[in-house]
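Commentary on secondary and tertiary structure
Here is how the chains run, residue by residue.
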Protein chains: 2
Amino acid sequence: MTEPAQSASRQAQKERTRQAILASALELSHEKGFAQVSLRQVSRHAGVVPTAFYRHFESMDQLGLALVEQSFSTLRRMIRDAQRDPHVFDNIIDAAADVLVEAVKQSKAHFAFVARERVGGPEVVRTAIRHELDLFVSELAVVLARLPNIENWSTEDVQMVSRLFVRNMVSNAEEVVEMPDGRPDLEEQIKEGARRQMRLIVVGFRDWRS
Amino acid sequence: MTEPAQSASRQAQKERTRQAILASALELSHEKGFAQVSLRQVSRHAGVVPTAFYRHFESMDQLGLALVEQSFSTLRRMIRDAQRDPHVFDNIIDAAADVLVEAVKQSKAHFAFVARERVGGPEVVRTAIRHELDLFVSELAVVLARLPNIENWSTEDVQMVSRLFVRNMVSNAEEVVEMPDGRPDLEEQIKEGARRQMRLIVVGFRDWRS
DNA sequence: ACTTTGAGTGTACGCATGTTCACTGATTTC
DNA sequence: GAAATCAGTGAACATGCGTACACTCAAAGT
């Protein structure tokens, strides 16, 4: 990498290497979990000498945090897009199921990272993920509160439904992630399961509060 | 450990060392996750030289599998006991919530191990845990199917409720595990949450099938 | 009483790791 | 066009690791 083929601006080249490191870490994490990936392995896989790693991240922990950030920004963008779609308004449940499976398929690696490292990762990473998920529950609650059938629920109830939704999302993401490649039937099955579970939550809530 | 204080029979002493290794692994796993615990660390913590480890387990992977087995046998015993309690029969939900929190409190370390290594552990350990959880879902389904309100449900529905219950159990176990010590208020809160979620599942199921 | 067994020891090995340091040379700045 | 910057290099280090091997010496078997 002394001469990066087509030389780019210094900044651009640095950013490219940074992304290579992030991508390498993500890929290697998928096989053994982030915590078992060494600084040297990441560097090697990114085509860079171990010492160069420090030009981009001051430690593996910091790399982990960067991956958390990257993963959630992907997720957040998807939610924001989905919110603009009017279709979502009168059928959140089916829409959510679609979005979930689509999103997970599209950036499987990031979801896998979150699902895995949420409980298995280094302390700092775990904490960061929990924090992001809490934020996410609150954001989702705001979206839910605006929906027609729900607008007269108590804020507490909405928050709890939101929490259950996110919990289910994580569980289903785990399943999609663990899913063997090239089995679209299984995928549909998971999607249908997710739909049913969400409907369950909504129906259950409505009925018992009466 | 050349002379084990009060010398016991050879077998008994071997078993004692084995348990010391298992306990050490469990304790060390709690801080950093099983996969980051080295054979040497476990041995050191168990008061034994690294080579002695091999007299009890042929590798760290095997140690992990032994811990899975130990964890689930604990869990299974609890379920079996709970089944004999007539109180459980007419109020599964409250009983289940009680059992869950009690069980988790009593053998926190084992639950923590399962919750963590289910997604974060080495391949073999993850597989073993998934398998045990699947078994557990089926067992629970059998118990549920015998209950008064449920006896005329389809087997599929019972299986699905069982799966949701176990999923919630795992989630709640995660929460109890992550709970800071000496906060019984939080504990009650989690228990109440678990109750509500289970009620939600049951109510939701009953109402939509009509 | 003797032999056998086997849990636990101690040394030694080769290997991967994280971090240090002085370095190089193309890009950017002036 | 000279000087400064800084992404990436490469050698060196101390440390912890898994495992092999030859060993000891009480308990168990005879």
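Residues numbered from 1 in each chain as written. Chains lettered and ligands numbered in written order. Predicted model: local features only at pLDDT ≥ 70, side-chain atom pairs only at ≥ 80, totals over all residues. Heavy atoms only, no water.

1. So, the overall build of chain A
- Tallying secondary structure elements over chain A gives 10 helices and zero strands in all.
- Seen through its principal axes, chain A has C-alpha atoms that stretch 70 × 35 × 35 Å.
- Here chain A, with 210 residues, has 49% of them falling under the buried criterion.
- Residue pairs at least 24 apart in sequence account for 66% of intrachain contacts in chain A once pairs closer than 6 positions are excluded.
- As displayed, chain A offers around 11300 Å² of accessible surface, 51% of which is attributable to carbon and sulfur atoms.
- Across chain A, the centroid of the 28 positively charged side chains sits 4 Å from that of the 30 negatively charged ones. (Helix = DSSP H or I, 4+ residues; strand = E, 2+ residues; numbered from the N terminus. Buried < 20%, exposed > 50% of the residue type's maximum accessible area, 1.4 Å probe, protein only. Contact = heavy atoms within 4.5 Å. Areas by Shrake-Rupley, 256 points an atom, 1.4 Å probe, with all protein chains shown as cover. Lys, Arg positive; Asp, Glu negative; His and termini not counted. Charge placed at Lys NZ, Arg CZ, Asp CG, Glu CD.)

2. Side note on the packing of helix H6 (residues 123-145) of chain B against helix H7 (residues 155-178) of chain B
Residues and elements named next belong to chain B.
- Two numbers describe how H6 lies on H7: the axes approach to 8 Å, and their chain directions differ by 125°. By the angle between their axes, H6 is oblique relative to H7. Seen along the crossing, H6 lies across H7 with a hand that is right-handed. Contact residues: Leu133, Phe136, Val137, Ser138, Leu140, Ala141, Leu144 and Ala145 in H6; Val158, Gln159, Val161, Ser162, Arg163, Phe165, Val166, Met169 and Val170 in H7.
- Here the contact of H6 with H7 is built from residues that sort into 13 nonpolar, three polar and one charged. (Axes fitted to C-alpha atoms, helices over the stretch in contact; angles between N-to-C directions. Parallel < 35°, antiparallel > 145°, perpendicular 65-115°, else oblique. Left-handed = near helix turned anticlockwise from the far one by under 90°. Nonpolar A, V, L, I, M, F, W, Y, C, P; charged D, E, K, R; others polar.)

3. Some remarks on the protein's contact with DNA strand C
- DNA strand C sits among 20 residues. The nearest are A:Arg40, A:Tyr54, B:Arg10, B:Thr17 and B:Arg55.
- Counting only atoms of DNA strand C within 4 Å of the protein, the sugar-phosphate share comes to 50%.
- At 3.1 Å, a side-chain N or O of A:Gln41 approaches a phosphate oxygen of DNA strand C.
- The contact in question runs from a base oxygen of DNA strand C to an N or O atom on the side chain of B:Arg10, over 2.5 Å.
- When residues of the surface near DNA strand C are traced back to their parent elements, those giving at least two are helix H2 (39-45) of chain A together with helix H1 (10-32) of chain B.
- Considering every element that reaches the surface near DNA strand C, the biggest residue donor is H2(A), with four residues.
- In terms of residue class, the surface near DNA strand C is built from six nonpolar, eight polar and six charged. (Near = heavy atom within 4 Å. Polar contact = N/O pair within 3.5 Å; in protein donor to acceptor, adjacent residues only side chain to side chain.)

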